[in-house]
Amino acid sequence: MRRGPARGQDRRGKAPRSVRAYVAVAVIAGAGAVAGVVAAGRGDGFPRPGLWAAFLVLFVADQLSPLRVLYREESEAMDLQEAFLVAMSFVFPPVPVLLVFAVGLTVGNLARRLPPIKVAFNLGQLLAGAGAALLLIGAIDPAGDEQGRRLVAVLCGLALYIVINNLAVAGILHLADRVPLRRALTATLPTRGWLWVGTVSIGLLMGPVAALHPWGLAVGVAAIVALHGSLAAHVRAEREHARLDVLLAATSEAHATIGLHEVRQAILRSARDIAQCREARLDGEPPGAGELGVAMTNGPDGWLVVGGRRGTGQFDPDDRHMLEALAAIGSSALRNASLFEDRGRMLSRLVEAQEVERQRIASDIHDDSIQAVAAVGLRLGMLRRRLDDPGALAVLDDLQSTLEAAIARLRTLLFDLRPPSLDQEGLAASLRLSLERSFDGAGTAHELVDRLAEEPPTDARVNLYRICQEALANVRKHAAAARVEVVLEERDRGYVVRIRDDGRGFDPSASGLMAPGHLGLVSMRERAEAAGGWIRIDSRPGSGTTVEVWLPGTPVPVSA
């Protein structure tokens, strides 16, 4: 079984220096193993050339049709080299065995059009492993005439071959693809374990029989075909199962996400996993050479395209069908996210227009109404100094008190229209000031608990403040509460405000949100839902009321 590196190239298409050095070491090790086998096998001869040619043909056929398994960035090509190593070790001396490996690997790698650096690495590390295994077999059983000893020698040589092969591949995966060594060694270990058992069994069946009778090779061929077919079905089933899991996860993630950018990223991430590619894009450009693309059903992203296939496998109809299913799911999710963003932009403009209008009204009140009432107060003061009738003075004092109260109410209205602290100090500071204005001197204890790590964005901040403003007004007017608490916290990529009082409460199901005295609850719910959030009201007569509001939003840094 052979495993090959997946990526191993920098942005210029050239392998990093560490990878090239590692491949050079593998080539040198392979050449050294070949030289050692040739030196140790002089005089062995080349027996049974017809049977040798048959083994070579079978070995090349195995190299041309490996079982390819891709695990993220690792590319694993599973073939039956171990079976041939075991079988030929019973039939031929070391040099003919190694020659089958050298010729078969070269033909197979070149026929599959692997990059030169992969061909060099595969030849180097596999010849090094096979050569070391054959040298060990020869050292344990130099004569090769005793079957029991030969069996032990072959199994020891096979174990050495497997160790060298897997350590070499783990090293190249670590250098080329930044795969942790432990993961590179264990990622496909269960499948490889079953393959080793199968290949060793075939080799032990085919080798001794072929050594006695050439027709025994047919028994091995039948076993190889059966093992290859069962493993191919197993690999395909695992691959499709993994793809369906990715597709299901993509469906859930894409439709559970409200941000257009997040939906796009979920689709691209799923496309890379489904097609086992390193690159994916959503844009209007159709697929190019070496890419696979499917058309999206709506929006500016006309194509979902994947490229940079891991390993050497080509795209097949199953890849296209899975990508089409993902495109259908993604188109729906993108449409929903786009509509949500459009609604968010409309709401943002609406909130901005409302706040601008509130600011204009507040400015008019400050510059006109308050100034006019204050001027009337000044004139009353001037008039008072000219009068000495006690009755007239008492009337003027009442008028003066009324004007001062009117000015105070107008100033409170200014704060309610647009508190400066909302922009300057944030949501918590504004709500704390609103609590003080609403309940100080009214005999109602109040507390604000601020658990926000960051300030909500402007739209969410304004909407939360307005909803809380209405809720606190309801508490002040209707609850007769001794205590009210406001809690601010972050939850589910958004913000929650919870207003709890211990007042008289009410029954929402019985009275309904449209009941007299509770019309403000309707506007609170409409504002929360229009902003993509929700509002929950929990209340019972005599048990107080809890209003909880959640709005989505991306945090912004708190201003100093």
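The rules behind these values
- Residues numbered from 1 in each chain as written.
- Predicted model: local features only at pLDDT ≥ 70, side-chain atom pairs only at ≥ 80, totals over all residues.
- Heavy atoms only, no water.
- Pairing = 2+ DSSP bridges.
- Helix = DSSP H or I, 4+ residues; strand = E, 2+ residues; numbered from the N terminus.
- Axes fitted to C-alpha atoms, helices over the stretch in contact; angles between N-to-C directions.
- Contact = heavy atoms within 4.5 Å.
- Parallel < 35°, antiparallel > 145°, perpendicular 65-115°, else oblique.
- Left-handed = near helix turned anticlockwise from the far one by under 90°.
- Phe/Tyr/Trp six-rings, centres within 6.5 Å; stacked < 30°, edge-to-face > 60°.
- Buried < 20%, exposed > 50% of the residue type's maximum accessible area, 1.4 Å probe, protein only.
- Lys NZ or Arg CZ within 6 Å of the ring centre and 35° of its normal.
- Core = buried A, V, L, I, M, F, W, Y, C linked by side-chain atoms within 4.5 Å.

A.B. asks: So what's going on with the sheet that holds strand β4 (residues 277–283)? Residues and values would help.
C.D. replies: Read across the open sheet, the three strands follow the order β4-β6-β5; overall the sheet is antiparallel. Because the sheet does not close on itself, it has two edges, and the strands there are β4 and β5 (292–295). The sheet shows a mean angle of 15 degrees between the axes of neighbouring strands, taken without regard to direction. Bridge count between β4 and strand β6 (residues 303–309): six bridges; the pairing is antiparallel. Residue pairing across strands places A280 opposite V306, the latter belonging to β6.

A.B. asks: Go over the sheet that holds strand β11 (residues 545–552), please, and point to the residues and values.
C.D. replies: On the basis of which strands lie adjacent, the open sheet formed by five strands has the order β7-β8-β9-β11-β10 and mixed pairing. Strands at the two margins of the open sheet, each flanked by one partner only, are β7 (445–450) and β10 (534–539). Within this sheet the neighbouring strands show an average axis-to-axis angle of 10 degrees, counted without direction. Bridging between β7 and strand β8 (residues 483–491) involves six bridges; their strand directions are parallel. Directly across from D450, in β8, lies its bridge partner L488. Across the sheet, helix α14 (residues 427–439) is in contact with β7 and β8; its angle to β7 comes to roughly 175 degrees.

A.B. asks: Before we move on, could you go through the packing of helix α4 (residues 94–111) against helix α5 (residues 116–140) and cite the residues and values that matter?
C.D. replies: Their axes nearest at 10 Å, the elements α4 and α5 cross at an angle of 165 degrees. Relative to α5, α4 is oriented roughly antiparallel. In this structure, α4 meets α5 at a crossing whose hand is right-handed. On α5, the residues touching P94, V97, L98, F101, A102, L105, T106, N109 and L110 of α4 are K118, V119, N122, L123, L126, L127, A130, G131 and L134.

A.B. asks: So what's going on with the packing of aromatic side chains? Residues and values would help.
C.D. replies: All chains considered together, the criterion is met by six aromatic pairs. Both rings, one in F55 and one in F92, keep their centres 5.7 Å apart while their planes meet at 85 degrees; by these two values the pair is edge-to-face. In this pair, F55 is assigned in helix α2 (residues 49–64) and F92 in the loop between α3 (81–91) and α4, connecting sequence segments 37 residues apart. An identical accessibility class is assigned to F55 and F92; each is buried. Across the ring face of W534, the terminal group of R536 is positioned such that the distance to the ring centre comes to 3.8 Å.

A.B. asks: I'd like to hear about the nonpolar core, residue by residue, with values.
C.D. replies: One finds F55, L85, M88, F92, F101 and Y161 to be the most contacted residues of the largest nonpolar core, which totals 42 residues. Mapped by element, the contributors of at least two residues to this core are α2, α3, α4, α5, α6 (147–177) and α8 (189–212). Apart from the residues within four sequence positions on either side, Y161 is in contact with Q81, E82, L85, F101, L126, G129, A130 and A133. The next biggest cluster of nonpolar side chains, apart from the first, holds 34 residues, and it includes F439, L464, C468 and V475.

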